[in-house]
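# Chain and residue survey
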Amino acid sequence: MSPTRPTGPRRARRLAGVGLAAALALALGGCTQIPQSSDVRSAEPLDGATAAPEAPQFRPPGPSADDTAEDVIRGFLLAGTSPQDDYAVARDFLDGPAAARWTPGQRTLVYSAQPRITRGEGTGNYQVQVEVDSEIDEFGLRTIAPEGTTRAWQVSVQERPEGMRITATENGTLLSQSQFGQLFAPHELTFYDTAQRYAVPDVRWFVNRGTTVTAVTRALLRGPAPYLTGAVETAFPLRTGADLAGPTVPVDEDGVAHVDLTEAAAEGADADRRHRMREQLEITLLGLQSVSDVRVTVDGAELSASGENPPPPVQDEPTTGSVQVGIDSATGDLAYFQGMSVGPVGGAPDVSALDPVDPTMSRDRSRFAFVTRDRTAVHVAGTDGSLREAMRGTGLTSPSIDGLGWVWAADGAETSRVRAVPAEPGQEARIVTATWLRPAERIVDLRVSRSGARAALLVDDGDRRTVRVAGIVRGSDGVPSALTEPILLPSTGRAASVEWAGDTNLLVSPRAATPDERVVPRIVSIDGTVRELNPLGGLTGVSAGDDGALYAETDELVFLLVGSSWRAQELERGVQDLSFPG
């Protein structure tokens, strides 16, 4: 059976290896720094699978008879860069019982500054003290640490006949940011929005080696990341992760991944659910470079799918199109912007008297929402001539319209309530709970993803602003009720706005305080990586469309990102506060 793919299937993104730093081995009295690199050589991939061709194969040295305790600890940590043969080099630094107990895949701690080895209490006890960048668990979930997070990793070393050996250590490995970028790669697991119309990506990180297909499959079977739990659906029983009939997912020489499930994984599943199980595995695994097809079986027997009337194939997140809505600089009314043209919104009422800013629109361009300049009211207008006040508050954020027809905004006052109002009149407004918000935190900006399953938020705690992504919990009727505990993404300074730039990227930008201030927008990915765009003087706003289309504004001009450069667009009339649907 040929695999079913969503429209425009996603392919996994991999980080290219960066240059290696020279190895360090500095003894500084009572504390020691950790070397950051080792020799790189080619090696055969594990389990007969294909490793990513750009993934380096590290070959750090093993222990020596005259190693000191600090030498052994340094060597062991550096050997964490070599996962070959189940971290055989690293296990050489452990004595027999410790080598048997140690579970390297349980977690990976990524550090952002040079670690220090210090002596702990008692003979042979040491601590490796690190400033934490992030932590990856055994299912590839990466948690970004708040700035200034530190951790002490416990290690015990004793004399053995063959020399100094580690007798106890915590499970997992420690890697520098550079090492992590070379050894790990992000991969997208696929789940469904609650209406099962769209594929929602769940980005995980796995070691670049031949066990990746198995690791990705186990993570998918275990279920979505905590921040997506309740916001997405899966065809598989949740939270088991042990629904494979065998220890691995082999990939044959033709690139076919053979996924053999246990009977329990498919027990009680009707035809539609079995179809979704197959589809979910295919979309996820076809994103791996080594996989060209997927065969799904249950205890060796082909997994039967739907018969004459299978459910419609799931789609990638919807596109935005090429039309933006903005405010006509001359009239102060709503206006369309496309290509080099600025024109009126046909059928919509004149809203200039309300002093609108930051408009947005539904995907079918029938409903428009905007906030007043004083940010005390959000209004909704329609191409049927309708106009109504949808919500009132203090410091309201720019509105966002999701694909199910809900207009979102957050009250920037001390309560920082999140509210959702139907774009069509006649339904009740909702308070969307966000119990994770602390008393001192307020939401500065909020944007709902194109599938309606996630919300990107910019949160100010009084000292700094952070970018977060939460899942949206909805009822069976699509009514939103809560935002899940969000994931934290890398800090980007004093950002003022956040926009979805695809299904896994956010466009985050400050605003210039003066026409001469040069502002640096950034693409922040859900996988935790950040890419800086070229600065633009006087930047006041940004917008993001399909296929990487990025726009920026100043008080006078609209710019399009062409390659890495901002190019001013020659418009017949001025327009500002541009936004694609959403």
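Cut-offs used in this document
All residue numbers refer to positions counted from 1 along the written sequence of the respective chain. Local features are withheld for residues below a pLDDT of 70 in this predicted model, meaning they are given only at 70 or higher, and side-chain atom pairs are given and counted only at 80 or more; totals for whole chains, interfaces and linings count all residues. To obtain the side-chain values, all non-hydrogen atoms of the structure were used and water was disregarded. A run of H or I in DSSP counts as a helix once it spans at least four residues, and a run of E counts as a strand once it spans at least two, with each numbered from the N terminus. Burial here depends on accessible area, computed with a 1.4 Å probe over protein chains only, as a share of the maximum for the residue type. Under 20% is buried, over 50% is exposed, and the range in between is partly exposed. Any pair of residues with heavy atoms lying within 4.5 Å of one another is described as a contacting pair. Note on terminology: a nonpolar core comprises buried Ala, Val, Leu, Ile, Met, Phe, Trp, Tyr and Cys residues joined through side-chain atoms within 4.5 Å. Pairs of strands are assigned from DSSP output, requiring at least two bridges between the strands. Axis angles are defined between N-to-C directions and span 0 to 180 degrees, where every axis is a line fitted to C-alpha atoms and, for a helix, only to the segment in contact. Each reported salt bridge corresponds to a side-chain nitrogen of Lys or Arg within 4 Å of a carboxyl oxygen of Asp or Glu. Side-chain rings of Phe, Tyr and Trp, where Trp is taken by its six-membered ring, are said to pair if the distance between their centres is within 6.5 Å; with planes under 30 degrees apart they count as stacked, over 60 as edge-to-face, and otherwise as tilted. Look at NZ for Lys and CZ for Arg. If either is within 6 Å of the ring centre and within 35 degrees of the ring normal, a charge sits over the ring. Between 65 and 115 degrees an angle is taken as roughly perpendicular, under 35 as roughly parallel, over 145 as roughly antiparallel, and anywhere else as oblique. Here a crossing is called left-handed whenever its near helix is offset anticlockwise from the far helix by less than a right angle, and right-handed whenever the offset is clockwise. Put simply, Ala, Val, Leu, Ile, Met, Phe, Trp, Tyr, Cys and Pro go in the nonpolar bin, Asp, Glu, Lys and Arg in the charged bin, and everything else, Gly too, in the polar bin. For every residue, the predictor states its confidence as a pLDDT score lying anywhere from 0 to 100. Here the expected span of a helix is defined as 1.5 Å times the quantity of residues minus one. Polar contacts here mean pairs of N or O atoms no more than 3.5 Å apart (in protein, one a potential hydrogen donor and the other a potential acceptor; neighbouring residues in sequence count only if both atoms are side-chain atoms).

## Considering the overall build of the chain
A tally of regular secondary structure across the chain gives seven helices and 42 strands. The 582 residues of the chain split such that 55% are buried. A sequence separation of at least 24 residues applies to 55% of the contacts in the chain between residues at least 6 apart.

## Considering unusual backbone geometry
Positive phi, normally seen in glycine, also occurs at Gln-196, with a value near 55 degrees. Among the structural elements, Gln-196 can be located in the loop between β10 (184–193) and β11 (199–207). The class of Gln-196 is partly exposed, set by a relative accessible area of 28%.

## With respect to the nonpolar core
Within soluble globular proteins, side chains that are nonpolar tend to cluster in buried spots. With 51 residues, the main nonpolar core has Val-213, Val-259, Leu-261, Met-277, Leu-285, Val-291 and Leu-506 as its most contacted residues. The biggest single contributor to this core is helix α5 (residues 212–222), with five residues.

## Details of the sheet that holds strand β41 (residues 565–568)
With antiparallel pairing, the four strands of this open sheet are ordered in space as β38-β39-β40-β41. Sheet topology places β38 (541–544) and β41 at the edges, where each strand pairs with a single neighbour. Averaged over neighbouring strand pairs, the angle between their axes works out to 30 degrees when direction is ignored. Sheet topology places strand β39 (residues 550–553) next to strand β40 (residues 558–562); three bridges connect them, and they run antiparallel. Bridged to Tyr-551 within β40 is Leu-560.

## Examining the pattern of salt bridges
Going through the model one piece at a time under the given rule, you end up with 28 salt bridges. Residue Glu-302 pairs with Arg-278 through a salt bridge whose shortest N-O separation is 3.8 Å. Linking Glu-302 in strand β15 (residues 301–302) with Arg-278 in helix α7 (residues 271–285), this pair joins segments that are 24 residues apart in sequence. Across the salt bridge formed by Arg-295 and Glu-302, the nearest N and O atoms sit 3.2 Å from each other. For Arg-295, a relative accessible area of 35% gives the class partly exposed.

## Observations concerning the packing of aromatic side chains
Ring pairs (aromatic) are described by centroid distance and by the angle formed between their planes. On inspection of all chains with the given rule, the structure shows seven aromatic pairs. With centroids separated by 6.1 Å and ring planes inclined at 55 degrees, the aromatic side chains of Tyr-336 and Phe-368 adopt a geometry described as tilted. Of the two residues, Tyr-336 sits in strand β17 (residues 334–338) while Phe-368 sits in strand β20 (residues 367–372), which places them 32 residues apart along the sequence. Relative accessible area serves as the criterion here: at 19%, Tyr-336 is assigned to the buried category. Relative accessible area serves as the criterion here: at 0%, Phe-368 is assigned to the buried category. Centroid distance Phe-337 to Tyr-551: 5.9 Å. Interplanar angle 90 degrees. Geometry classified as edge-to-face. Highlighted residues: Phe-337 in strand β17 and Tyr-551 in strand β39, separated in sequence by 214 residues. With a relative accessible area of 1%, Phe-337 lands in the buried category. Taking the relative accessible area as the measure of exposure, Tyr-551 reaches 12% and is therefore buried. Members of the aromatic cluster, connected to one another through ring pairs, are Phe-76, Tyr-87 and Trp-102. It is Arg-142 that lies over the ring of Trp-205; its NZ or CZ is 5.3 Å from the centre.

## Digging into the packing of α5 against α7
Direction vectors running N to C along α5 and α7 enclose 140 degrees, while the axes themselves pass 11 Å from each other. It follows that α5 is oblique to α7 by the angle criterion. Crossing of α5 over α7 shows right-handed handedness. For the pair α5 and α7, the contacting residues are Val-213, Val-216, Thr-217 and Leu-220 in the first and Gln-280, Leu-281, Thr-284 and Leu-285 in the second. Partitioning the contact of α5 with α7 into residue classes produces five nonpolar, three polar and no charged.

## With respect to the confidence of the model for the chain
Averaged over all residues, the pLDDT of the chain is 89; the fraction at 70 or higher stands at 89%. Low confidence marks residues 1–35, where pLDDT is under 50. Its contacts with residues over four positions away, or in another chain, come to 100 contacts. Across residues 37–53, confidence stays below pLDDT 50; counting only partners more than four residues off in sequence or on other chains, it has 42 contacts.

## Some points on the sheet that holds strand β12 (residues 232–233)
The strand order β11-β10-β12 describes an open sheet built from three strands, whose pairing is antiparallel. Edge positions in the sheet fall to β11 and β12, since each of these pairs with one other strand and no more. Inspection of the sheet shows β10 paired to β12 by two bridges, in the antiparallel sense. Bridging from a neighbouring strand, Tyr-192 pairs with Glu-233 of β12. Across the sheet, α5 is in contact with β10 and β11; its angle to β10 comes to roughly 35 degrees.

## A word on the environment of Phe-139
Along the chain, the position of Phe-139 falls in the loop between β5 (125–137) and β6 (142–144). Take Phe-139: its relative accessible area is 15%, and that puts it in the buried class. Residues Phe-139 and Arg-204 lie 65 residues apart in sequence; the distance between their C-alpha atoms is 7.5 Å. Setting aside chain neighbours within four positions, we find Phe-139 in contact with Arg-204, Phe-206, Arg-218, Ala-219 and Arg-222.

## Some details on α7
Between its first and last C-alpha, α7 extends 21 Å over 15 residues, near the 21 Å set by a 1.5 Å rise per residue. Among the 15 residues that make up α7, 11 are buried, leaving the element largely enclosed by the rest of the structure. For α7, every residue scored as buried is listed here: His-275, Arg-276, Met-277, Arg-278, Glu-279, Gln-280, Leu-281, Glu-282, Ile-283, Thr-284 and Leu-285. The inward-facing, buried residues of α7 contact β10, α5, β13 (256–261), α6 (263–266), β14 (293–298) and β15. For α7, the capping residue at the N-terminal end is Asp-270, with a side-chain oxygen 3.3 Å from the backbone nitrogen of Asp-272.

## Topic: helix α2 (residues 84–91)
For α2, the set of buried residues is Gln-84, Tyr-87, Val-89, Ala-90 and Arg-91. Where α2 is buried, its residues meet α1 (69–79), α3 (96–101), β9 (173–176) and β11.

## Quick notes on the pairing of β20
In terms of burial, β20 is largely enclosed, as six of its six residues are buried. Two elements, strand β19 (residues 356–361) and β20, share four bridges in a ladder whose sense is antiparallel. Each bridged residue has a counterpart across the sheet, and for Thr-360 the counterpart in β20 is Ala-369. Remark: four residues form the turn of the hairpin made by β20 and strand β21 (residues 377–382), two consecutive strands paired antiparallel; Arg-375 in that turn has positive phi of roughly 60 degrees.

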